[in-house]
Amino acid sequence: ADLKYRIKEKGEYLPLLQGKSLAMIFEKRSTRTRLSTETGFALLGGHPSFLTTQDIHLGVNESLKDTARVLSGMTDAVLARVYHQSDLEVLAKKASIPIVNGLSDDYHPIQILADYLTIQEHYGHLKGLTISWIGDGNNVLHSIMMSAAKFGMHLHI
């Protein structure tokens, strides 16, 4: 929230990630996630690199372990939008850099963090609020279930 305010409202230039690079693996495409991640990383002075299944062959021509080693040697962090949670877990285990879950079939934590920021901007706080979920269980719900209590929120499903 502070960075958003300082960049958007005050027009500050905050090159906190200058000289850093981010590999963005997108097995699953997303306009909003790609643009928000690329823009945010660049606004902080970093260099994002967008990688699709046409650019890398995650677990096909190159093993997940090899991909983790290569990316660890060439970038400072990885954001991965993948189908299988197990792929994220292998990347995280074998990489020496942070692996950020951009989405998997099991979880969608960056979506929930963005949603929480929006809720906090609207209500001024999260603690004590109740979220109601109506619909099928999915990766978004799993992320809410893993995080709501940590923010002091209540969840009704």
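If you're wondering where the values come from, they're calculated on a predicted model, not measured in any experiment.

Definitions and limits used
Residues numbered from 1 in each chain as written. Predicted model: local features only at pLDDT ≥ 70, side-chain atom pairs only at ≥ 80, totals over all residues. Heavy atoms only, no water. Domains from an automatic or database assignment. Contact = heavy atoms within 4.5 Å. Buried area = accessible area lost by both parts, 1.4 Å probe. Salt bridge = Lys/Arg side-chain N within 4 Å of Asp/Glu carboxyl O. Polar contact = N/O pair within 3.5 Å; in protein donor to acceptor, adjacent residues only side chain to side chain. Helix = DSSP H or I, 4+ residues; strand = E, 2+ residues; numbered from the N terminus. Nonpolar A, V, L, I, M, F, W, Y, C, P; charged D, E, K, R; others polar. Buried < 20%, exposed > 50% of the residue type's maximum accessible area, 1.4 Å probe, protein only. Arc of directions from axis to C-beta. Core = buried A, V, L, I, M, F, W, Y, C linked by side-chain atoms within 4.5 Å. Expected span 1.5 Å × (residues − 1). UniProt positions renumbered as here; feature names shortened; annotations may be inferred.

Examining the domain arrangement of the protein
Next up, step 1: Assigned domains within the protein: domain 1 (1-103) and domain 2 (109-155).
Next up, step 2: Distance from the C-alpha centre of domain 1 to the C-alpha centre of domain 2: 23 Å.
Next up, step 3: In this assembly, eight residues from domain 1 lie in contact with six residues from domain 2.
Next up, step 4: Interface area for domain 1 against domain 2, summed over the two sides, is near 490 Å², with a carbon-plus-sulfur share of 63%.
Next up, step 5: Considering only the surface of domain 1 that becomes buried against domain 2, Ala 1, Lys 4 and Asn 101 emerge as the three largest contributors, covering 63% of it.
Next up, step 6: Along the contact surface separating domain 1 from domain 2 lie one salt bridge.
Next up, step 7: Lys 4 is paired through a salt bridge with Glu 121; the nearest N and O atoms lie 2.9 Å apart.
Next up, step 8: Counting across the interface, domain 1 meets domain 2 through one residue pair in polar contact (both at pLDDT 80 or more).
Next up, step 9: Among the elements that take part in the side of domain 1 that touches domain 2, strand 4 (residues 99-103) stands out by supplying four residues, more than any other.
Next up, step 10: The residue makeup of the side of domain 1 that touches domain 2, split by class, is four nonpolar, three polar and one charged.

Quick look at the pattern of salt bridges
Next up, step 1: Across all of its chains, the model carries six salt bridges by this definition.
Next up, step 2: A single salt-bridge network, built from bridges that share partners, covers Asp 2, Arg 6, Lys 10 and Glu 12.

With respect to helix 4 (residues 85-94)
Next up, step 1: For helix 4, the complete set of buried residues consists of Gln 85, Asp 87, Leu 88 and Leu 91. Take helix 4 and look down its axis: the buried residues cluster within an arc of 160°, on one side only.
Next up, step 2: Each element contacted by the buried residues of helix 4 is listed here: strand 1 (21-26), helix 3 (64-74), strand 3 (77-81) and strand 4.

What to know about the nonpolar core
Next up, step 1: Counting 15 residues, the largest nonpolar core has Ile 25, Leu 51, Leu 58, Leu 71, Val 78, Ala 80 and Leu 91 as the members making the most contacts within it.
Next up, step 2: Of all elements in the fold, only strand 1, helix 3, strand 3 and helix 4 reach the threshold of two or more residues within this core.
Next up, step 3: For this core, the element with the highest residue contribution is helix 3, accounting for three residues.
Next up, step 4: Beyond its immediate chain neighbours, meaning those up to four positions away, Val 78 contacts Leu 22, Ala 23, Ile 25, Leu 71, Ile 97, Pro 98, Ile 99 and Val 100.
Next up, step 5: Grouped together as the second largest cluster of nonpolar side chains are eleven residues, Ile 112, Ile 131, Val 140 and Ala 148 included.

A look at helix 2 (residues 31-43)
Next up, step 1: Given a rise of 1.5 Å per residue, 13 residues ought to cover 18 Å, and the 18 Å separating the end C-alpha atoms of helix 2 matches this to within 8%.
Next up, step 2: What helix 2 keeps buried is the set Thr 33, Thr 37 and Phe 41. Buried residues of helix 2 fall within an arc of 40° about the axis and therefore sit on the same side. In helix 2, the exposed positions angled more than 90 degrees off the buried face are occupied by Thr 31 and Arg 32.
Next up, step 3: Each element contacted by the buried residues of helix 2 is listed here: strand 1, strand 2 (47-52), strand 3 and helix 5 (109-123).
Next up, step 4: Gly 45 sits one or two residues past helix 2 and shows a positive phi near 90°.

A few points about the UniProt feature "domain: Aspartate/ornithine carbamoyltransferase carbamoyl-P binding" (unreviewed entry) in the protein
Next up, step 1: The sites that carry the UniProt feature "domain: Aspartate/ornithine carbamoyltransferase carbamoyl-P binding" (unreviewed entry) are, in the present numbering, residues 6-121.
Next up, step 2: Secondary structure content for residues 6-121 is 44% helix and 19% strand, while the C-alpha to C-alpha distance between its ends is 15 Å.

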